[in-house]
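Descriptive analysis of the structure
One letter stands for each residue in the lines below.
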Amino acid sequence: MRIRKGFLCLILAALLLGGCQKEEVQQEGYQIYYMDKNENTLATETYLPESGISDDLVDELIGKWVANPQSQKMTSAKPKNVSMISYEMEKSCLIVNFSASYKEMSNVEEMILRYSLVKTMLQAPQVKSVRITVSGEALTDAKGQEIGAMTDKSFVDSEKVGVDGFEEMDYVFYFADENGTLREETQTIHYSTSSEKIQVVLKNLIAGTQKSNLLSVISEDTKVLSARIENGVCTVNFSEEFNQPMEGVMPDTSIYAVVNTLCGLNGVTSVKINIAGDTESYYQDTIDLSVPLERREELVNTGVQDTQKVGVDYLMKKVSEDDQEEDLQEEQEDEQDNE
């Protein structure tokens, strides 16, 4: 019996010792994600931790991530004017708090920072997700919705990436020319998720054209209150500023610039526009917005034909001209019959 008790004590001691041992870090090192200065993509440097204990790994990875890389071809993914105030572990989630200047970053800069931080820190075995706060407040997206804990699955995985993990694509927007015709304009957009893609497209559309010979179609004071895609319908709720008339642009030109632009999103066949939550409003007392609107290709000037004014007034004028032509033909036929 004594032997058995002694044996059990040895086993218990071994278990206790084993439980007290710290998990060792991986010998091959860890990848610290930085920004490649030349190619505007993410690049990595291998880091071998000074401590062999994983409990110190979070501190070491954070320290390397905020510092400048050894390679002169790379730079930190965190802009110099953005400060990391603090970080802490909450169970398996790493919470990183940045200064208010975080909100001054461009969309691309912010996405790069987020992805590089998440990719770097998820290598620590105790970190299962990363959450960002700004001056102690939760990070929010363009819609004001909180961006929660992030993992690898929080970002797109596509072959077409400009910044590692972020979609970069040329997207076709529609604006008006001086004659009121819809014209295409291709802009490069960056986004990390499908929901963010809608917001980026709408943001660029509201920001307006980048060409001097085209006219913007939406007031720059307009805000996107909500946007979603469901069953092929893209529903957008704009603020009241959306109803403001644009100089030199007819109502239907503005509306179908929005519709045609959003119909370029994957799976979108029609667009339902609401204004300040009103689902049955009229745009500038002219266009009924109670039903979804489909893309109208005939309103687009491709540059092949002569430029014509395309809009409600033009279409009414065209119908009138066609009616006059038909009346003239009937008169001529009647004269021939009388002869």
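The structure displayed is predicted, hence computed values, not measured ones.

Considering the pattern of salt bridges
It is possible for side chains of opposite charge to pair when their charged atoms get near one another. Scanning the model with the defined rule gives 5 salt bridges in all. In this structure, the salt-bridge partner of D177 is R183, at a minimum N-O distance of 3.7 Å. Residue class for D177 comes out buried when judged on its relative accessible area of 5%. Salt-bridge contacts for E297 lead to R295; the nearest nitrogen and oxygen are separated by 2.7 Å.

A few points about the side chain of T222
As for its placement among the helices and strands, T222 is situated in the loop between β11 (214-215) and β12 (224-230). A polar side-chain atom of T222 sits 2.9 Å from the main-chain carbonyl oxygen of S219. Within the structure, the side chain of T222 is placed 3.4 Å from the backbone nitrogen of F242, a separation counted as a polar contact.

Observations concerning helix α5 (residues 251-262)
If you check α5, its first and last C-alpha atoms are 17 Å apart, about what 12 residues at 1.5 Å a residue would give, namely 16 Å. Among the residues making up α5, those that are buried are P251, D252, T253, S254, I255, Y256, A257, V258, V259, N260, T261 and L262.

Observations concerning the packing of aromatic side chains
A complete count under the given rule lists 6 aromatic pairs for this structure. Seen from their ring centres, Y171 and F173 are 5.2 Å apart, and the 65° between their planes marks the pair as edge-to-face. Across the pair, exposure class does not vary: Y171 and F173 are buried alike. An angle of 5° between the planes, with centres 4.3 Å apart, marks the rings of F238 and F242 as stacked. The pair F238 / F242 is uniform in exposure class, with both members buried. Aromatic rings pair up to connect W65, F98 and Y102 into one cluster. Above the plane of the ring of Y256 lies R296, whose end atom (NZ or CZ) is 5.1 Å from the centre.

Concerning the sheet that holds strand β7 (residues 137-138)
Taken in spatial order, the 4 strands line up as β4-β5-β6-β7 in an open sheet, and their pairing is mixed. Single-partner strands in this sheet number two, and they are β4 (84-90) and β7. Alignment of strand β6 (residues 129-134) against β7, held across 2 bridges, turns out to be antiparallel. Paired with T133 across the two strands is A138, which belongs to β7. Here helix α3 (residues 107-121) sits on the sheet in contact with β5 (93-98) and β6, set at roughly 140° to β6.

Looking at the sheet that holds strand β1 (residues 30-36)
Strand pairing in a sheet takes place through backbone hydrogen bonds and is either antiparallel or parallel in direction. Read across the sheet, 3 strands follow the order β2-β1-β3 without closing on themselves; strand pairing throughout is antiparallel. For this open sheet the edge positions go to β2 (42-47) and β3 (74-75), each flanked by a neighbour on one side alone. Across 2 bridges, the pairing between β1 and β3 is antiparallel. The residue bridging M35 from the neighbouring strand is T75, located in β3. Each of β1 and β2 touches helix α2 (residues 57-66); the most contacted strand, β1, lies at about 20° to it. This element, α3, spans β1 and β2 of the sheet and lies at about 165° to β1.

Cut-off values and rules
Residues numbered from 1 in each chain as written. Predicted model: local features only at pLDDT ≥ 70, side-chain atom pairs only at ≥ 80, totals over all residues. Heavy atoms only, no water. Salt bridge = Lys/Arg side-chain N within 4 Å of Asp/Glu carboxyl O. Buried < 20%, exposed > 50% of the residue type's maximum accessible area, 1.4 Å probe, protein only. Helix = DSSP H or I, 4+ residues; strand = E, 2+ residues; numbered from the N terminus. Polar contact = N/O pair within 3.5 Å; in protein donor to acceptor, adjacent residues only side chain to side chain. Expected span 1.5 Å × (residues − 1). Phe/Tyr/Trp six-rings, centres within 6.5 Å; stacked < 30°, edge-to-face > 60°. Lys NZ or Arg CZ within 6 Å of the ring centre and 35° of its normal. Pairing = 2+ DSSP bridges. Contact = heavy atoms within 4.5 Å. Axes fitted to C-alpha atoms, helices over the stretch in contact; angles between N-to-C directions.

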